[in-house]
Each structure stands twice: as structure tokens, then as C-alpha cells.
Amino acid sequence: VIYISKGALDLSLCLVKDSEGTVLLPILPSCLSELDLQSLRTMVASDSACDIVWSQSPLQAKKEKGKTRGNKLEKILQELLESHGERWTEELKGDLPHSFQRRGDLVLLGDNCFALPIWKKMDNRLWTAVARGLEAKRLAKMSRISKDGFRSPEVTMLLGEHTWVKHVDNGISYEFDVTKCMFSAGNITEKLRVAAFDCSGETVVDLYAGIGYFTLPYLVHAKASHVHACEWNPDAVEALQKNLEANGVSDRCTIHQGDNRQLQLCDVADRVNLGLIPSSEDGWPVACRLLKRTTGGILHIHQNVTSPLHHTAADDATHRVSGKKADREVWQAWADDTSNHIASLLRNITGALWTTNILHIEHVKSYAPHVHHVVLDLECRPS
């Protein structure tokens, strides 16, 4: 995260994992002198090393890698169709997947591909061919997110029967049922940021734990003394239990299954994570009750913030800069309102005055046009 924000990574090139399991990050030569290895070493696993090396491994451009895999899939499917007397067309080419998610040996396709009727004639031979083209053993397709309150994915297995997958982020192993639980790769920067916190000696409450997206970084890397993980989706709770055990931290975590608004805990937390979008506002009163009354703590409040429409012509740098400035002003206004709201909640709940201080506003990702996922780090102390 540090080196992405400083512009040190060459984002046009792919990461490389060599035969010994070492991951090579492509660094811009002009930034080599600015790298702070000592800081980076504190962010990787304790049994891992971090050094600058000159590698002979060929670094492939991201566009070339995607194009190579796309060409392979296209070639395989063209051969499949022609072997059944069908003609390859541009329309068929446009119906191939332009993006997908990889979870171990399973590839998760979106619902905007393989929609043409001709594919149905190929039955299971199609999915076997697609798996070969995408170098996967299992295939699944996600249509949309269910409105069941759990944000469960609506996923259909296309090839293979076993639905559990394993994904590794920053040395942390996540296992989950891809047909029942979500995994957002877009939150990786925030998970890395949490991993860099120093939470030693702290009690943390994760109000929306899921399968452990943030619970595990708090335990494994930030070294929290104890985490209370709240989650109401039973499928996510099952995965969370597995992941706590797999990462060796189950003894430092208590799972609270059910609606966190009914949580009986209070006056226990040094830090509360509210990682729910589009808004975690329903959890704000709960978070305020959880903070330690005598010392207070820090709230990490996630929110989708909508920015005003502004001109973003690609050839107009001035308007791009002004657009980013406008975004930040909207985020700041939301943070100011939230800070005041939290101070009022704390006063009403505890009967005492509290001081709230905006420590940081983190931009996680663009969620939709003019909608940004941000996190407010809010310090709350009794006056």
C-alpha cells in the first residue's frame, strides 16, 4: 500500500512468483533510492524476508498477460465450435468473459458472458474447454448478490462439485463456500492498512466480521490481544471459525453470532471496526456503547460517499484535479458530520462529554460512478 501510494510500483507489469515461492514486485528504477525497506519489513509476516533484488525472471506486462490468456481461451473455443460445424463470429468473441475472479483452482465468471444460445449446444464440453483456457479446475458463475440480508452471492457451479475455496492475502488464509459467502478483492488495500496497525494490548470489536476479512489482519498482523467478531450469516460464521483455526488465532477471538444491535457487550473496546457498506450507520450506537468509558478508543467507519457530478474529460487535467479536490471536500464534509453525530451519541449513551477527532480519511476504492468507498478513522475520548 505504501509503495502504491508513493508511485514506486511499476503498475504496468505483473507480480511474479518464482519456483521457491518468493514474490517479486516490479519497482520503478527512479524510485529505488526512496524505498524504506525497514518499514516494509514490518508489514510482512514475521517469518518472511524483504529485500531489493535484481531478477532475471521475465516480467510480463499486465495487458499482455490478459491478452495471452484471452487468446488461448478464444482459440480453444473456436476449435470446439468448428469441430461441431459451427462458424466462429465476432459476436461469439464478444460473448467471452472480459474479466473474472480466481479463487485457488476455481474461476468465478460474471453473468455477462456465454449468453448466446449457441453455447448451450456444447453442454459440459463448453465448461471443460473454458476451464482449460483459463487454467482452472473448477468453474462457477455469479449472477448477482442476493437480497437475503446476508449479501449472499447467487452462484452456480458449472464445472466441479466442491464449492469451498482457499484464498491467501498477505500471508492470511481465507477459506469459504463460494456459493454462500462474498469475498471482495477490492478491499485488499484496507486489509493491508489494518495489518500495519499496532494493536498490541488492545481489545478490538469487529462489528461485521464476515469470514474474517478484517478480524484476521487484526489478529495475525496487528497483534490485537483479543477480537470480538460479530456476524449474523451462519455460513460466514462457519467459514470464520475455520479461518481462525487455520491461521492459529482462534484462542484470541470470540465469535458473537446474530444481530450486532442485540450485542450485550459494552465498555470493552479500544477499537471498533465498522466494515459495512453502503453504510454502517446502524452500528454506530453499538460501537459507542462498546468503547471503554474511561479511555475511549478509535472507530474505523466505512461508508459509500457520493460525490457531485463534475467534468472529467480525459484531455483536461485541470478538471480532473478539480474533480479529485471536490471528492475530498465531500468526504471531509461527511467525516465532519459523522464526527459530530458520534460525539452526540456518546454523550447520550454515557451522560458525559466526549471529544471526537478525525485522524484520517482513507479512500478504499471507487464503488460506482461518483460513489467512493471511504473509511473514517475517528478518535473518541471522554473529555
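As the structure is a computational prediction, the values presented were derived from the model and not from experiment. (Residues numbered from 1 in each chain as written. Predicted model: local features only at pLDDT ≥ 70, side-chain atom pairs only at ≥ 80, totals over all residues. Heavy atoms only, no water.)

**Some details on the pattern of salt bridges**
By the definition in use, this model includes 14 salt bridges. A salt bridge links Arg271 to Glu202, with the nearest nitrogen and oxygen atoms 2.8 Å apart. With Arg271 in strand 12 (residues 271–274) and Glu202 in the loop between helix 6 (188–195) and strand 9 (203–206), the pair connects residues that are 69 residues apart, well separated along the chain. For the pair formed by Arg271 and Glu202, the shared burial category is buried. The salt bridge partner of Asp259 is Arg261, with a shortest N-O separation of 2.9 Å. Each of Glu190, Arg193 and Asp377 takes part in a single network of salt bridges with overlapping partners. (Salt bridge = Lys/Arg side-chain N within 4 Å of Asp/Glu carboxyl O. Helix = DSSP H or I, 4+ residues; strand = E, 2+ residues; numbered from the N terminus. Buried < 20%, exposed > 50% of the residue type's maximum accessible area, 1.4 Å probe, protein only.)

**Digging into the confidence of the model for the chain**
In regions of low pLDDT, the predicted coordinates are not meant to be interpreted in detail. Overall, the predicted model of the chain reaches an average pLDDT of 86, with 80% of residues at or above 70. In the predicted structure, residues 1–5 sits below a pLDDT of 50 and forms 10 contacts with residues beyond four places in sequence or in another chain. (pLDDT = per-residue confidence, 0-100. Contact = heavy atoms within 4.5 Å.)

**Concerning the packing of aromatic side chains**
Taken as a whole and judged by the stated rule, the model has seven aromatic pairs. Relative to Trp127, the ring of Phe114 lies with its centre 5.3 Å away and its plane at 85°, an arrangement referred to as edge-to-face. Of the two residues, Phe114 is situated in the loop between strand 4 (106–109) and helix 5 (123–133) and Trp127 in helix 5; the sequence distance between them amounts to 13 residues. On the basis of relative accessible area, Trp127 is assigned to the buried category, the value being 13%. Aromatic side chains Phe183 and Tyr213 sit 5.9 Å apart centroid to centroid with 55° between the ring planes, which places their arrangement in the tilted category. With Phe183 in the loop between strand 8 (172–177) and helix 6 and Tyr213 in the loop between strand 9 and helix 7 (215–220), this pair connects stretches of sequence that are 30 residues apart. Given the relative accessible area of 5%, Phe183 is considered buried. Overall, Tyr213 belongs to the buried group, its relative accessible area being 18%. (Phe/Tyr/Trp six-rings, centres within 6.5 Å; stacked < 30°, edge-to-face > 60°.)

**Some thoughts on the environment of Phe176**
Tracing the sequence through the fold places Phe176 in strand 8. Overall, Phe176 belongs to the buried group, its relative accessible area being 1%. Measuring from C-alpha to C-alpha, the distance between Phe176 and Asn243 comes to 8.5 Å, with 67 residues separating the pair along the chain.

**Remarks on empty space enclosed by the protein**
Inspection of every chain in the model, using the stated rule, returns one cavity of 30 Å³ or more. In this structure, the largest cavity occupies an estimated 40 Å³ of space. As for the largest cavity, its lining consists of Asp169, Asn170, Ile172, Tyr174, Ile188, Lys191, Leu192, Pro217 and His221. Put simply, the parts of the chain that give the lining of the largest cavity at least two residues each are strand 8 and helix 6. Per-element tally for the lining of the largest cavity: the top contributor is helix 6, with three residues. A per-class count over the lining of the largest cavity returns five nonpolar, two polar and two charged. (1 Å grid on protein atoms, 1.4 Å probe; cavity = no way out; pocket = protein on both sides within 12 Å on 5 of 7 lines; lining within 4 Å. Points joined across faces, edges and corners; volume = space filled by probe spheres on them. Nonpolar A, V, L, I, M, F, W, Y, C, P; charged D, E, K, R; others polar.)

**A word on helix 6**
Since the α-helix advances by 3.6 residues per turn, residues separated by three or four positions end up pointing in the same direction. Residues of helix 6 that are buried include every one of Glu190, Lys191, Arg193, Val194 and Ala195, and no others. On its buried face, helix 6 is in contact with strand 7 (164–169), strand 8, helix 7, strand 13 (297–306), strand 14 (354–368) and strand 15 (371–382).

**Comments concerning a nonpolar patch on the surface**
Together, Leu15, Val23 and Leu25 give the surface a local cluster of nonpolar side chains, amounting to about 270 Å² of exposed area. Positionally, Val23 belongs in strand 2 (residues 23–24). The exposure class assigned to Val23 is partly exposed, which follows from its relative accessible area of 48%. (Patch = residues over 30% accessible without salt bridge, like charges linked within 9 Å, V, L, I, M, F, W, Y side chains within 5 Å. Areas by Shrake-Rupley, 256 points an atom, 1.4 Å probe, with all protein chains shown as cover.)

**Some words on helix 8 (residues 234–246)**
The end-to-end C-alpha distance of helix 8 is 18 Å, a good match for the 18 Å that 13 residues give at a rise of 1.5 Å each. Among all positions of helix 8, only Ala236, Val237, Ala239, Leu240, Asn243 and Leu244 are buried. Angular distribution of buried residues about the axis of helix 8 spans 165°; they occupy a single face of the element. Buried residues belonging to helix 8 abut strand 7, strand 8, helix 7, strand 10 (226–231) and strand 11 (253–257). Where helix 8 starts, the residue carrying a side-chain oxygen 2.9 Å from the main-chain nitrogen of Asp235 turns out to be Asn233. Gly248 lies just past helix 8 and shows a positive phi near 70°. (Expected span 1.5 Å × (residues − 1). Arc of directions from axis to C-beta. Polar contact = N/O pair within 3.5 Å; in protein donor to acceptor, adjacent residues only side chain to side chain.)

**Here's the deal with the pairing of strand 7**
For strand 7 and strand 8, the ladder comprises six bridges, and the chain directions are antiparallel. The partner of Asp169 across the bridge, within strand 8, is Ile172. Linking strand 7 to strand 8, which pair antiparallel, is a turn of two residues; within it Asn170 sits at a positive phi near 50°. (Pairing = 2+ DSSP bridges.)

**Things to note about the sheet that holds strand 14**
By definition, the strands of a sheet pair up through backbone hydrogen bonds, in either a parallel or an antiparallel sense. Strands sit in the order 11-10-9-12-13-15-14 across an open sheet of seven strands; the sheet is mixed. Only two strands of the sheet have a single neighbouring strand rather than two, namely strand 11 and strand 14. The mean inter-strand angle of the sheet, taken between neighbouring strand axes irrespective of direction, is 15°. Bridge count between strand 12 and strand 13: four bridges; the pairing is parallel. In the sheet register, Arg271 faces strand 13, and the bridge partner there is Ile298. Against the sheet, helix 6 touches strand 13, strand 14 and strand 15, its axis set at about 145° to strand 14. Strands strand 10 and strand 11 of the sheet are contacted by helix 8, whose axis makes an angle of about 170° with strand 11. (Axes fitted to C-alpha atoms, helices over the stretch in contact; angles between N-to-C directions.)

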